[in-house]
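Chain and residue survey
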Amino acid sequence: MRLATFTHGGTTRAGVVVGDEVVDLGRDMITLLAGGLERVAGAGGKTRLPLAQVRLEAPVLRPPKFLAVGLNYADHVAESGAERPALPTFFNKQSTCVTGPYDPIHRPRVSQLLDYEGELGFVIGRRCRHVPRARAAEAIAGWVVLNDVTVRDWQLRVPTWTMGKSFDTHGPMGPWIVTADELGDPHALRLRTWVNGELRQESNTRELIFDCYTLVEHLSTAFTLEPGDVVATGTPGGIGMAMNPPRFLVPGDVVRVEIERIGHIENRVVDEPPAREE
């Protein structure tokens, strides 16, 4: 299945994408996941809408947790000048950074060192703790395309990376959640990132140092995973900061991340708009 969150007629809800239509399920994604994927087929009404007439949102609008692993491809470790990690290196992205698969990315007023990181992400489908690797697939609802947008100077000025990874709009994801029955092996997927049509990253998820199931086992050792939690699995080599000279994103750039059997996201870079009075 392909599970999407969409807006139509002024309301936002979850649905199942079938061909070029979406079947309206009449509820939000986290509620849908918490009820169990086996019940999705009978959930909600039977209203079908053309995809061309809806706005696709991030599949999980506000994940309970948005976790990301760094240095999880050998070529990215090498270009970063780091040592290969013995354990997954996790950091938090604040859930307010999440944005839709085709929404703009803001270059913040406080920095011009804006970078891309195309990644495979997965969404937790059930509440779980102490999950052994052999059963980790049972905890995953499905997979998404992600861009772990990063403000490099803010990332590297302190040991923890959360600030540089969590600016608003710096977590585009989508275009939908693809479940295991449709995706197949998540560790044999071609991943590519383009900037303005120029291929910058090209790899395969078989190159992950710590695969998706290992990440579930590792995280659930410490804390409970919940429906709607999102995990970004890391980026391969080819980031803008590692180029000679570095090539950071500027307003007008268009970043496209594509993963086979899932789809693509595409986001234009714009200057951060003036602050609004709340």
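Residues numbered from 1 in each chain as written. Predicted model: local features only at pLDDT ≥ 70, side-chain atom pairs only at ≥ 80, totals over all residues. Heavy atoms only, no water.

1. Quick look at the overall build of the chain
- A tally of helices and strands in the chain yields 6 helices and 19 strands.
- Expected size for 278 residues packed as a compact globule is a radius of gyration near 19 Å; at 18 Å, the chain falls within 12% of this value.
- Every one of the 278 residues in the chain was classed for burial, and the buried ones make up 54%.
- When contacts within the chain are restricted to residue pairs at least 6 apart in sequence, long-range pairs at least 24 apart make up 75% of them.
- For the chain, the computed accessible surface area is about 12200 Å², with 50% contributed by carbon and sulfur atoms.
- Of the side chains in the chain, 30 bear a positive and 35 a negative charge, and the two mean positions are spaced by 3 Å. (Helix = DSSP H or I, 4+ residues; strand = E, 2+ residues; numbered from the N terminus. Rg over C-alpha atoms; globule rule 2.2 N^0.38 Å. Buried < 20%, exposed > 50% of the residue type's maximum accessible area, 1.4 Å probe, protein only. Contact = heavy atoms within 4.5 Å. Areas by Shrake-Rupley, 256 points an atom, 1.4 Å probe, with all protein chains shown as cover. Lys, Arg positive; Asp, Glu negative; His and termini not counted. Charge placed at Lys NZ, Arg CZ, Asp CG, Glu CD.)

2. Digging into the sheet that holds strand 19 (residues 263-271)
- The sheet built from 5 strands is open, its strands ordered 9-19-18-15-16 with mixed pairing. The open sheet has two free edges, formed respectively by strand 9 (105-107) and strand 16 (198-204), since each of these has just one partner strand. Strand-to-strand, the axes of this sheet are offset by a mean angle of 20 degrees, without reference to chain direction.
- Pairing between strand 9 and strand 19: 3 bridges, direction parallel. Each residue of the ladder has a partner; that of H106, found in strand 19, is V270. (Pairing = 2+ DSSP bridges. Axes fitted to C-alpha atoms, helices over the stretch in contact; angles between N-to-C directions.)

3. Quick look at the environment of G121
- With respect to the helices, strands and loops of the structure, G121 is situated in strand 11 (residues 118-124).
- Sequence-wise, G121 and R27 are 94 residues apart; in three dimensions their C-alpha atoms are separated by 23 Å.
- With sequence-adjacent residues up to four places away left out, G121 is seen in contact with G142, W143, V144, L146, V231 and A232.

4. Structural notes on unusual backbone geometry
- The omega angle of the peptide bond from G174 to P175 is -5 degrees, so this bond is cis rather than trans.
- Tracing the backbone shows P175 in strand 14 (residues 171-178).
- Phi angles above zero are rare outside glycine, and R261 is one such case at about 70 degrees.
- Mapped onto the elements, R261 comes out in the loop between strand 18 (254-259) and strand 19.
- What makes R261 partly exposed here is its relative accessible area of 39%.

5. As for the environment of M243
- Following the sequence through the fold, M243 ends up in the loop between strand 17 (230-232) and strand 18.
- Placed 205 residues apart in sequence, M243 and E38 show a C-alpha to C-alpha distance of 46 Å.
- If sequence neighbours within four positions are ignored, M243 has contacts with Y116 and R200.

6. Quick word on the pairing of strand 15 (residues 190-195)
- Of all 6 residues that make up strand 15, 5 are buried, and the element is covered over most of its length.
- Where strand 15 and strand 16 come together, 6 bridges link them in antiparallel fashion. Each residue of the ladder has a partner; that of V195, found in strand 16, is E198.
- Counting the residues in the hairpin turn of strand 15 and strand 16 gives 2 residues, including N196, whose phi is positive at 55 degrees.

7. Focus: the pattern of salt bridges
- With the rule as written, the count across this model stands at 24 salt bridges.
- With a closest N to O distance of 3.3 Å, R109 and E272 form a salt bridge. Placement of the pair is R109 in the loop between strand 9 and strand 10 (114-115) and E272 in the segment after strand 19, with a sequence separation of 163 residues.
- The exposure class of R109 is exposed, given its relative accessible area of 55%.
- In this structure, E258 engages R256 in a salt bridge whose closest nitrogen and oxygen atoms are separated by 3.1 Å.
- Looking at R256, the relative accessible area reads 24%, which means it is partly exposed.
- Taken together, the salt bridges that share partners define one network made up of K93, D115, E117, D148, R152 and K165. (Salt bridge = Lys/Arg side-chain N within 4 Å of Asp/Glu carboxyl O.)

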